[in-house]
Amino acid sequence: MKNDLFDKIKILMFARVIAVSLILGTVILYQIKIGQPAYIPPISFIISFIYFVSIFYALSLRYFQNLEPFAYTQLLVDIFLEAIIVYVTGGLNSPLIFLYVLSIMSGSILLRVPVGYVLASAASIIYGLMANLELYGLIVPINVFEIYTRPLHGEVLYKVSTNIAAFYIIAFLTSYLAENLRKTGVALEAKSVDLRKLKKFHENVVATMGGGLVAYDIKGNIVSFNRAAENITGYKYEDIAGLSVDTIFKESGLKEIIERMRLESLQGTVRREERWEGFVKGRDGRVAFLSVTLSVLEEEKGYPIGFICLFQDLTSMKDMESRIERSERLSALGRIVAEVAHEIRNPLASISGSIQLLKGKLLFDGGDKKLMDIIVRETDSLNNIITGFIRHAAPAKASLARCDLNIVIEDTVFLLKNSAKMPDGLEIEVSLSDKPLPVMGDSEMLKQVMWNLSINALEAIPPDRVGYITIKSSPLYPKRVGDPSGKAVKGEIVIEDNGGGITEENLPKIFNPLFSTKDMGTGLGLVAVHRIVEEHGGTIGVDSREGEGTKFILRLPLLTEDRAS
């Protein structure tokens, strides 16, 4: 309120100087034009005095704590200055009597309602007093416009009563309008505050939504992007504001739906809502499974002006469904193995034993002996498969102890480099964490995990390609802001190769029992890897592109001091 009055007083001072300069300058020009002697000294004195007073006001303004008396004083001084101006320009016959009205209006607008009536009363008293003095010849005004003639009684009565009535009417109307304007301003400010609060509330609601929200206009350009959308997609709003929404969903089936809805909206045939589920690749390469709802954003008349895209990250739920489905399949496999394994192994043992016995007692030529060897070899192979089924259905219990993931990697790589499976020219690059990565686990089982994944990587590299395998380990820290511990909570192992990769069709099936793309594969290696990792409370993920290579990512909970004790 004080700042508002301060600004109004400054405007009043500026307007006073401009108005008086224009009015009195006009008087001088008029006198020069009609050839009458201009009363330059009194006019110059008035202008100079008003300038002096205005400068004094401007310099004193910042020293006043209470601005209302300061403004009130200025307006009263203005009334007296206006009386002098009226006296110089003809007194009762002056055309500048309206200057009183300007002060009355200024007071009503700047200050409270009674001020306008006070100024109207002051102007009425001064004006009436000077009119009576002029009527009885006690003062003779200077008339710069024409030759002065003394007014008559009736003329004085008419002009004084008319002008005084005008002063009070102006005071009433201006005060009434100013008070209504102030009330409207207060109400508007209250509405503005409510609107700002509501806007802030809506912004907070959008920003803190658990699901992602993207709003884009009819051209497909992004206009809003909340915090959850940033976390899910990896994009920041400041980086993509104004860009096409295709920037986010360019590698998914959602792009076609977005474009179709946009074109239909231009034709007036768009449906109100569309739903879609599928995988979307984020900025950082992370693939997320999203459930998306697209809605049309309309104005009051029903014309589409944009779209709202709401989506939920269901990746964890999808992974959980896959794990449950896999567990159910493994459980079913275990039951089948338990029922069938012994029924198969016993005949196999009899067949193998009988063939071995026949080989020792009978004489065969070279072709027959070769057939006998094939029977024995294939029988042993079938027996190994059945043994694998039994081992998977009833796996050995893990012997948990403190072990370091870095040491597990080093031991596995050493065995791998010295094994017959290691092809010539293959490079294995190992990059281990500077700090130990202790876990509570079975080191032999973890070595089996590393061995199976490494062998898969070796066998995935085509013979005509210079192959490499990269094995890295690193700690993972919590993402919670302000975490007091600052300690790593998981250890990450990444095994990457430049082999042929896995097709998009086969990628979801690699952990399924009996699924294998190898000619002699049993489809149990990755099943065992997945089971061991889950038994250790970890997770395993895969990122692969056909023809470019495959990356397996293992994450195991690190051993904390509490668990170690």
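Residues numbered from 1 in each chain as written. Predicted model: local features only at pLDDT ≥ 70, side-chain atom pairs only at ≥ 80, totals over all residues. Heavy atoms only, no water.

Novice: For this particular structure, what's the right way to read the overall build of the chain?
Specialist: Along the backbone of the chain there are 16 helices and twelve strands. Split into buried and exposed, the 565 residues of the chain put 38% on the buried side. In the chain, the share of contacts with a sequence separation of at least 24, taken over all contacts with a separation of at least 6, comes to 64%. Just so you have it, the chain exposes about 33,100 Å², and 60% of that area is on carbon and sulfur atoms. (Helix = DSSP H or I, 4+ residues; strand = E, 2+ residues; numbered from the N terminus. Buried < 20%, exposed > 50% of the residue type's maximum accessible area, 1.4 Å probe, protein only. Contact = heavy atoms within 4.5 Å. Areas by Shrake-Rupley, 256 points an atom, 1.4 Å probe, with all protein chains shown as cover.)

Novice: Please clarify how the packing of helix H14 (residues 443-460) against helix H15 (residues 525-535) should be interpreted in this entry.
Specialist: When two helices pack together, their arrangement is captured by the angle between the axes and the distance separating the axes. At their nearest, the axes of H14 and H15 sit 9 Å apart, and the two run at 145° to each other. Taken as a pair, H14 and H15 cross one another with a handedness that is left-handed. Across from Met 445, Gln 448, Val 449, Asn 452, Leu 453 and Asn 456 in H14, the residues of H15 making contact are Gly 525, Leu 526, Ala 528, Val 529, Ile 532, Val 533 and Glu 535. The class makeup of the residues in the contact of H14 with H15 is eight nonpolar, four polar and one charged. (Axes fitted to C-alpha atoms, helices over the stretch in contact; angles between N-to-C directions. Left-handed = near helix turned anticlockwise from the far one by under 90°. Nonpolar A, V, L, I, M, F, W, Y, C, P; charged D, E, K, R; others polar.)

Novice: Which parts of the structure should I look at to understand the sheet that holds strand E3 (residues 273-281)?
Specialist: Two orientations exist for strands paired in a sheet by backbone hydrogen bonds: parallel and antiparallel. Spatially, the five strands line up as an open sheet ordered E2-E1-E5-E4-E3, and their pairing is antiparallel. Among the strands making up the open sheet, the edge pair consists of strand E2 (222-225) and E3. In this sheet, adjacent strand axes meet at a mean angle of 25° when their direction is disregarded. Where helix H10 (residues 254-267) meets the sheet, it contacts strand E1 (212-217), E3, strand E4 (287-298) and strand E5 (304-313), and its direction lies at approximately 5° from that of E4. (Pairing = 2+ DSSP bridges.)

Novice: Where do I start with the packing of aromatic side chains in this structure?
Specialist: Each pair of aromatic rings is reported with the distance of its centres and the angle of its planes. This model, assessed by the stated rule, comprises six aromatic pairs. Ring plane angle 20° and centroid distance 6.3 Å describe the contact between Phe 172 and Tyr 176, whose orientation is recorded as stacked. Linking Phe 172 with Tyr 176, this pair stays in helix H6 (residues 153-207), spanning four residues, or about one helical turn. Between Tyr 216 and Phe 307, the ring centres sit 5.3 Å apart and the planes meet at 25°, which makes this aromatic pair stacked. Taken as a pair, Tyr 216 in strand E1 and Phe 307 in strand E5 lie far apart in primary sequence, 91 residues in all. Each of the two residues, Tyr 216 as well as Phe 307, counts as buried. One aromatic cluster is present, built from ring pairs that chain together Tyr 100, Tyr 127 and Phe 167. (Phe/Tyr/Trp six-rings, centres within 6.5 Å; stacked < 30°, edge-to-face > 60°.)

Novice: Would you explain the side chain of Ser 454 in this entry?
Specialist: Looking at where Ser 454 falls in the secondary structure, it is placed in helix H14. Taking the relative accessible area as the measure of exposure, Ser 454 reaches 2% and is therefore buried. A distance of 2.7 Å separates a polar side-chain atom of Ser 454 from the backbone oxygen of Met 450. Apart from the residues lying within four places of it in its own chain, the contact partners of Ser 454 are Leu 416, Ile 469 and Ile 471. (Polar contact = N/O pair within 3.5 Å; in protein donor to acceptor, adjacent residues only side chain to side chain.)

Novice: So what exactly am I meant to see when it comes to the packing of helix H13 (residues 405-417) against H14 here?
Specialist: Between H13 and H14, the least distance of the axes is 9 Å, while the angle of their chain directions is 45°. Here H13 is positioned oblique relative to H14, judged by the angle of their axes. In this structure, the crossing between H13 and H14 has a hand that is right-handed. Within the contact between the two elements, H13 uses Leu 405, Val 408, Ile 409, Asp 411, Thr 412, Leu 415 and Leu 416 and H14 uses Leu 446, Lys 447, Met 450, Trp 451, Ser 454, Ile 455 and Leu 458. Class assignment for the residues of the contact of H13 with H14 results in ten nonpolar, two polar and two charged. (Parallel < 35°, antiparallel > 145°, perpendicular 65-115°, else oblique.)

Novice: What's the story with the pattern of salt bridges in this structure? I'm lost.
Specialist: Charged atoms that come close allow side chains of opposite charge to pair. Taken as a whole and judged by the stated rule, the model has nine salt bridges. For the salt bridge of Lys 236 with Glu 230, the shortest nitrogen-to-oxygen distance reads 4.0 Å. Lys 236 sits in the partly exposed class, given a relative accessible area of 39%. Since its relative accessible area comes to 16%, Glu 230 is described here as buried. As a salt-bridge pair, Glu 535 and Arg 531 come within 3.1 Å of each other at their nearest N and O atoms. Taken together, the residues span about one helical turn, with Glu 535 and Arg 531 both in helix H15 at a distance of four residues. Given the relative accessible area of 41%, Glu 535 is considered partly exposed. Here Arg 531 falls in the buried class, since its relative accessible area comes to 16%. When salt bridges with common partners are traced through the structure, they connect Asp 411, Glu 444 and Lys 447 into a single cluster. (Salt bridge = Lys/Arg side-chain N within 4 Å of Asp/Glu carboxyl O.)

Novice: How should I be thinking about the nonpolar core in this particular structure?
Specialist: It is characteristic of soluble globular proteins that their nonpolar side chains tend to be buried jointly. One finds Leu 453, Ile 469, Ile 471, Ile 493, Ile 540, Phe 552 and Leu 554 to be the most contacted residues of the largest nonpolar core, which totals 36 residues. For this core, the secondary-structure elements that each account for two or more residues are H13, H14, strand E9 (468-476), strand E10 (490-497), H15 and strand E12 (549-557). Broken down by element, the residue count for this core peaks at eight residues, all from H14. If we ignore the near neighbours within four places in the chain, the residues touching Leu 554 are Val 449, Leu 453, Gly 491, Glu 492, Ile 493, Val 533, Thr 539 and Ile 540. (Core = buried A, V, L, I, M, F, W, Y, C linked by side-chain atoms within 4.5 Å.)

Novice: It is not clear to me how the sheet that holds E10 should be interpreted in this structure. Could you clarify?
Specialist: Judged by pairing direction, the sheet is mixed, and its five strands sit side by side in the order E7-E9-E10-E12-E11 without closing on themselves. Taken across any chain shown, the strands that pair with only one partner, and hence form the sheet edges, are strand E7 (427-431) and strand E11 (539-545). Going across the sheet, the axis of each strand differs from the next one's by a mean of 15°, ignoring polarity. Relative to E12, E11 runs antiparallel, the two sharing seven bridges. The partner of Ser 544 across the bridge, within E12, is Thr 550.

Novice: Explain the pairing of E12 to me, please; I cannot follow it from the model alone.
Specialist: Within a regular strand, side chains alternate between the sheet's two faces. Across eight bridges, the pairing between E10 and E12 is antiparallel. When the bridges of E12 are listed, Glu 492 appears paired with Arg 555. What sits between the antiparallel neighbours E11 and E12 is a turn of three residues, in which Gly 547 has the positive phi angle 85°.

Novice: What is the right way to read the environment of Phe 167 from this model?
Specialist: Its location among the elements puts Phe 167 in helix H6. With relative accessibility at 1%, the residue Phe 167 sits in the buried group. Residues contacting Phe 167, with those up to four places away along its chain left out, are Ile 97, Tyr 100, Val 101, Ile 104, Ala 120, Ala 123, Ser 124 and Tyr 127.

Novice: Please explain H14 as it appears in this structure.
Specialist: Because an α-helix packs 3.6 residues into every turn, residues spaced three or four apart end up facing the same way. The end-to-end C-alpha distance of H14 is 26 Å, a good match for the 26 Å that 18 residues give at a rise of 1.5 Å each. When we look at burial in H14, the residues that qualify are Met 445, Leu 446, Val 449, Met 450, Asn 452, Leu 453, Ser 454, Ile 455, Ala 457 and Leu 458. Two to three positions downstream of the cap, the backbone nitrogen of Glu 444 sits 3.0 Å from a side-chain oxygen, assigning the N-cap of H14 to Asp 442. (Expected span 1.5 Å × (residues − 1).)

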